[in-house]
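Geometric and topological summary
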Amino acid sequence: DTAVSQTPKYLVTQMGNDKSIKCEQNLGHDTMYWYKQDSKKFLKIMFSYNNKELIINETVPNRFSPKSPDKAHLNLHINSLELGDSAVYFCASSQDRRTEAFFGQGTRLTVV
Amino acid sequence: AQSVTQPDIHITVSEGASLELRCNYSYGATPYLFWYVQSPGQGLQLLLKYFSGDTLVQGIKGFEAEFKRSQSSFNLRKPSVHWSDAAEYFCAVGAQGEYGNKLVFGAGTILRVKS
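All figures in this text were calculated on a predicted structure; none of them were measured in a lab. (Residues numbered from 1 in each chain as written. Chains lettered and ligands numbered in written order. Predicted model: local features only at pLDDT ≥ 70, side-chain atom pairs only at ≥ 80, totals over all residues. Heavy atoms only, no water.)

In this section: the state of the cysteines. Applying the stated criterion across every chain yields a total of two disulfides over all chains. Residue pairing for Cys 23 of chain A: its cysteine sulfur links by disulfide to Cys 91 of chain A, the two sulfurs lying 1.8 Å apart. Disulfide Cys 23 of chain A to Cys 91 of chain A: torsion about the S-S bond roughly -75°, handedness left-handed. Of this pair, Cys 23 of chain A sits in strand S3 (residues 19–25) while Cys 91 of chain A sits in strand S9 (residues 87–94), and the two are 68 residues apart along the sequence. The disulfide that involves Cys 23 of chain B links it to Cys 91 of chain B, with 2.0 Å between the sulfurs. Between Cys 23 of chain B and Cys 91 of chain B, the S-S dihedral sits near -65°, and the bridge is therefore left-handed. Here Cys 91 of chain B lies in strand S10 (residues 87–96) and Cys 23 of chain B lies in the loop between strand S3 (19–21) and strand S4 (24–26), a separation of 68 residues in the sequence. Assessed through its relative accessible area of 0%, Cys 91 of chain B is described here as buried. (Disulfide = S-S within 2.5 Å. Helix = DSSP H or I, 4+ residues; strand = E, 2+ residues; numbered from the N terminus. Buried < 20%, exposed > 50% of the residue type's maximum accessible area, 1.4 Å probe, protein only.)

Shown next, in the form of structure tokens:
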């Protein structure tokens, strides 16, 4: 069983569209994250949820809206996509900061 | 603010040679340190972690890392590199923010293995 799974793996869309990425973890972790990996492979946290509650929002444009329907799911919705949103988005989960984060396979978003 | 520096963007080693990837961190409290590996088109896999105790930690795939508080370093080592080790390696520190926890990553080091 995949511990952290994201869908879709690839997403190509036009500027101005709205898209969603879904993430599910079956590890029973309390905390889930979205990280963005840019074209230079730099990884930076976007959001963190703990038990469905948003606890970290790292100055991400409000076109990005995470939603956590339950502890095992964290979705990312992006409105009015821009070229600069092209990146790989990783979902991750962990029990707390003293335990490692488990990452999904990533969603490569390409905005054209 | 927390930060992680990986000074080497690219490293090329011969298969069978030893490897050391450098990582320096900046963090005010006790650091929780991690090394992840990313193969092309894949997610991140944890190689090893340091929380406390023995400063030399063993990981998967024959990797080890040594925590040196005096140098703020957590370098990754492997005695004999295999061609399958070619990937990008990320060092990270687990940071306790005001509102929650997060990983702060270095910029990564791309490892190339030549036969």
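Let us look at the packing of aromatic side chains. Throughout the structure, instances matching the rule amount to 16 aromatic pairs over all chains. Consider the rings of Phe 103 of chain A and Phe 105 of chain B, whose centres lie 6.0 Å apart with planes at 70°: the pair is edge-to-face. Taken together, the residues span two chains, with Phe 103 of chain A in strand S10 (residues 102–103) and Phe 105 of chain B in strand S11 (residues 101–105). Phe 105 of chain B gets classed as buried once you look at its relative accessible area, which sits at 2%. Centre to centre, the rings of Tyr 32 of chain B and Phe 51 of chain B are 5.4 Å apart; their planes meet at 85°, and the pair counts as edge-to-face. In this pair, Tyr 32 of chain B sits in strand S5 (residues 32–38) while Phe 51 of chain B sits in the loop between strand S6 (44–50) and strand S7 (56–58), placing the two residues 19 residues apart along the sequence. Look at Tyr 32 of chain B and you get buried, because its relative accessible area is 11%. (Phe/Tyr/Trp six-rings, centres within 6.5 Å; stacked < 30°, edge-to-face > 60°.)

What follows is about the side chain of Glu 100 of chain A. Looking at the secondary structure, you find Glu 100 of chain A in the loop between S9 and S10. Of the residues examined, Glu 100 of chain A reaches a relative accessible area of 14% and is grouped as buried.

Attention now moves to the nonpolar core. If you look at the biggest cluster of nonpolar residues, it comprises 29 residues, and the most contacted ones within it are Leu 19, Trp 35, Leu 47, Leu 48, Phe 74, Leu 76 and Tyr 89 of chain B. Those elements that place two or more of their residues in this core are strand S2 (10–14), S3, S5, S6, strand S8 (64–68), strand S9 (73–78), S10 and strand S12 (109–114) of chain B. Setting aside residues up to four positions removed in sequence, Leu 76 of chain B forms contacts with Leu 19, Glu 20, Leu 21, Trp 35, Leu 47, Leu 48, Phe 63, Glu 64, Ala 65 and Tyr 89 of chain B. Ranked by size, the runner-up nonpolar core spans 20 residues in total, among them Cys 23, Met 32, Val 60 and Val 111 of chain A. (Core = buried A, V, L, I, M, F, W, Y, C linked by side-chain atoms within 4.5 Å. Contact = heavy atoms within 4.5 Å.)

Okay, the pairing of S11 of chain B next. Residue and element names in this part refer to chain B. Most of S11 sits inside the fold, with five of its five residues counted as buried. By the alternation rule, side chains of S11 split into Asn 101, Leu 103 and Phe 105 and Lys 102 and Val 104, which are all buried. Pairing geometry for S10 and S11, over five bridges, is antiparallel. When the bridges of S11 are listed, Gly 94 appears paired with Leu 103. (Pairing = 2+ DSSP bridges.)

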